[in-house]
Amino acid sequence: MGRFAPSPTGPLHFGSLLAAAASYLQARRHRGRWLVRIEDIDPPREQPGATERILEALDRYGFEWDGPVIYQSRSLSAHEAALSRLMAAGYGYRCGCSRSDLADAPRGPLGIIYPGTCRAGCQAGETAIRVRTDDSDVAFVDALQGPQRQQLESESGDFVIWRRDGLVAYHLAVVVDDFEQGVTEIVRGIDLMDSTCRQIWLQRLLGYPTPDYLHIPVAAHADGQKLSKLTGAQAVPLGRPERFLVQVLRALGQHPPAGLGNASLQEIWSWAIEHWHIQALAGRTRIGFDSNAMAEGKNGLL
Ligand code: GLU
């Protein structure tokens with residue numbers, strides 16, 4: 001069982017379409033189910049109308065998801081139950097440290113390494129909740145990027161699972177929902193690979209099985225910058241999705257036959273499912289592309 005789990009912070013762009021297509025093809029190639037889950041748990045970052053635009057784009061591109069669209073904000077009781085279990089087992093603790101309190105904390109590749117200030121107790125009124133980590137190896141073998149490992153205590157420190165503003169944090173929500181929804185394989189952009197060991201840590205503490213992971217390269221502009229809302233990623237074109245979909249397949253290392261862009265979406269997806277093999281992307285972290293050329297239906301892959 002696979003899933004595509006966009007946050008409604010903007011429309012679907014080429015990078016998110018790559019993740020959607022790769023997770024869809026991986027699930028369908030193995031005759032698995034595929035879910036769409038809107039990760040609407042961070043209202044301050046959301047863009048009005050983004051959910052509708054994302055779903056419309058997925059529909060126009062011919063994705064067929066199983067069951068109704070899932071809204072992460074409706075799983076709050078499951079998130080709270082997981083938090084209570086972590087607290088009861090002594091893994092979670094309140095942390096009143098503000099950003100300025102942590103200004104001098106050491107920094108590692110994952111950002112601030114929390115120095116454990118509140119581990120022994122915290123008197124602050126408003127608090128976040130952190131989960132305890134230690135320095136045992138957390139490791140997994142990514143299906144595309146190979147073996148990965150982290151020692152969380154020294155690389156990230158105890159991390160936030162419930163935010164100070166009262167909202168569930170991404171790592172806890174994603175772990176609980178993937179478990180509750182029976183997701184067994186997670187296909188997403190390599191920009192999230194750094195999060196995986198923290199998520200595996202939570203799976204261990206909660207007694208959940210760890211799904212398989214496959215992190216695909218992220219789409220990047222010609223200058224190498226990752227495509228995102230911040231770097232001006234445009235929404236995928238909704239007219240003539242067939243042509244653009246074939247470009248997406250090329251970007252994912254597939255070799256669609258000439259003329260497939262003139263076939264129907266259904267024919268393109270059947271071809272793609274039948275021929276899907278991801279190994280061409282092994283070890284790659286970036287897929288360069290020129291959005292203007294792509295939007296005009298030209299080959300924009302760099
Ligand atoms: N909602 C996250 C995002 O859009 C993705 C979560 C995931 O795939 O684990 O970046």
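Peer 1: Which parts of the structure should I look at to understand the overall build of the chain?
Peer 2: Counting its regular elements, the chain contains nine helices and 14 strands. The C-alpha atoms of the chain give 20 Å as radius of gyration, which agrees with the globular expectation for 302 residues (19 Å, within 12%). The C-alpha extent of the chain, read off along each of the three principal axes, is 65 × 40 × 40 Å. Out of the 302 residues belonging to the chain, those deemed buried represent 53%. A separation of at least 24 residues holds for 74% of the contacts in the chain among residues at least 6 apart in sequence.

Peer 1: Would you mind going over helix H3 (residues 76-88) with me for this structure?
Peer 2: Residue pairs three or four apart in sequence face the same way in an α-helix, which turns once every 3.6 residues. The end-to-end C-alpha distance of H3, which contains 13 residues, comes to 18 Å, matching closely the 18 Å that a straight helix rising 1.5 Å per residue would cover. Taken together, the buried positions of H3 are His79, Ala82, Leu83 and Leu86. Buried residues of H3, viewed axially, fall in a sector of 100°; they line one side. Among the exposed residues of H3, those pointing more than 90 degrees away from its buried face are Ser77 and Ala88. Where H3 is buried, its residues meet strand S4 (92-95), strand S7 (128-131), strand S10 (159-162), helix H5 (170-180) and helix H6 (193-206). Positive backbone phi, at 80°, marks glycine 90, one or two positions downstream of H3.

Peer 1: For this particular structure, what's the right way to read the sheet that holds strand S2 (residues 34-38)?
Peer 2: Either a parallel or an antiparallel arrangement is found when strands of a sheet pair, and the pairing is made through backbone hydrogen bonds. Here we have three strands laid out as an open sheet, ordered S1-S2-S3, and parallel in their pairing. Of all strands in the sheet, those with a lone pairing partner are strand S1 (2-4) and strand S3 (70-71), marking the two edges. Across three bridges, S1 lies against S2 in parallel orientation. In the sheet register, phenylalanine 4 faces S2, and the bridge partner there is valine 36. Sheet strands touched by helix H2 (residues 50-60): S1, S2 and S3. Its angle to S2, the strand with the most contacts, is close to 160°.

Peer 1: Would you explain the packing of H5 against H6 in this entry?
Peer 2: Direction vectors running N to C along H5 and H6 enclose 60°, while the axes themselves pass 9 Å from each other. Here H5 lies oblique to H6, going by the angle between them. Read as a crossing pair, H5 and H6 show a hand that is right-handed. Residues Tyr170, His171, Leu172, Val174, Val175 and Val176 of H5 form the contact with H6, whose participating residues are Ser195, Arg198, Gln199, Leu202, Gln203 and Leu206. Broken down by class, the residue content of the contact of H5 with H6 amounts to seven nonpolar, four polar and one charged.

Peer 1: For this particular structure, what's the right way to read helix H7 (residues 241-251)?
Peer 2: Counting buried positions along H7 yields eight of eleven residues, so the element is predominantly enclosed. Looking only at H7, the buried set comprises Pro241, Phe244, Leu245, Val246, Gln247, Val248, Leu249 and Ala251.

Peer 1: Please clarify how the environment of alanine 173 should be interpreted in this entry.
Peer 2: Residue position: alanine 173 is located in helix H5. For alanine 173, a relative accessible area of 0% puts it in the buried group. When the C-alpha positions of alanine 173 and glycine 121 are compared, they lie 25 Å apart, and in sequence the two are 52 residues distant.

Peer 1: Teacher, can you tell me more about the sheet that holds S10 here?
Peer 2: Ordered by their spatial adjacency, three strands build an open sheet running S4-S7-S10, and the pairing between neighbours is antiparallel. Unpaired on one side and paired on the other, S4 and S10 mark the two borders of the sheet. For this sheet, the mean angle separating the axes of adjacent strands, direction not counted, is 50°. Relative to S7, S4 is paired through four bridges, and the arrangement is antiparallel. Paired with tyrosine 93 across the strands is arginine 130, a residue of S7.

Peer 1: Teacher, can you tell me more about the nonpolar core here?
Peer 2: Within soluble globular proteins, side chains that are nonpolar tend to cluster in buried spots. Counting 47 residues, the largest nonpolar core has Leu18, Leu58, Phe63, Ile216 and Leu252 as its most contacted members. Residue assignment for this core shows that the elements contributing at least two residues are helix H1 (14-29), S2, H2, strand S12 (212-216), H7 and helix H8 (265-275). Of the residues forming this core, the biggest block, ten residues, is contributed by H1. Setting aside chain neighbours within four positions, we find phenylalanine 63 in contact with Leu17, Ala20, Ala21, Tyr24, Trp34, Leu58 and Trp269. In this structure, Leu83, Leu86, Cys197 and Leu202 belong to the second largest nonpolar core, which totals 33 residues.

Peer 1: It is not clear to me how the site of the ligand should be interpreted in this structure. Could you clarify?
Peer 2: Around the ligand sit Arg3, Ala5, Pro6, Ser7, Glu39, Tyr170, Val174, Arg188 and Leu192, and those are all the residues in its vicinity. A distance of 2.7 Å separates a nitrogen atom of the ligand from a polar atom in the side chain of glutamate 39. Contact with the protein chains hides 78% of the accessible area of the ligand, taken as 300 Å² for the molecule alone. Along the lines of polarity and charge, the residues of the shell around the ligand split into five nonpolar, one polar and three charged.

Peer 1: Help me understand unusual backbone geometry in this model?
Peer 2: What you tend to see is this: most non-glycine residues have negative phi, and most peptide bonds are trans. Phi is positive for arginine 31, which is not a glycine, with a value near 55°. One can find arginine 31 in the loop between H1 and S2. With a relative accessible area of 80%, arginine 31 lands in the exposed category.

The rules behind these values
Residues numbered from 1 in each chain as written. Predicted model: local features only at pLDDT ≥ 70, side-chain atom pairs only at ≥ 80, totals over all residues. Heavy atoms only, no water. Helix = DSSP H or I, 4+ residues; strand = E, 2+ residues; numbered from the N terminus. Rg over C-alpha atoms; globule rule 2.2 N^0.38 Å. Buried < 20%, exposed > 50% of the residue type's maximum accessible area, 1.4 Å probe, protein only. Contact = heavy atoms within 4.5 Å. Expected span 1.5 Å × (residues − 1). Arc of directions from axis to C-beta. Pairing = 2+ DSSP bridges. Axes fitted to C-alpha atoms, helices over the stretch in contact; angles between N-to-C directions. Parallel < 35°, antiparallel > 145°, perpendicular 65-115°, else oblique. Left-handed = near helix turned anticlockwise from the far one by under 90°. Nonpolar A, V, L, I, M, F, W, Y, C, P; charged D, E, K, R; others polar. Core = buried A, V, L, I, M, F, W, Y, C linked by side-chain atoms within 4.5 Å. Near = heavy atom within 4 Å. Polar contact = N/O pair within 3.5 Å; in protein donor to acceptor, adjacent residues only side chain to side chain. Areas by Shrake-Rupley, 256 points an atom, 1.4 Å probe, with all protein chains shown as cover.

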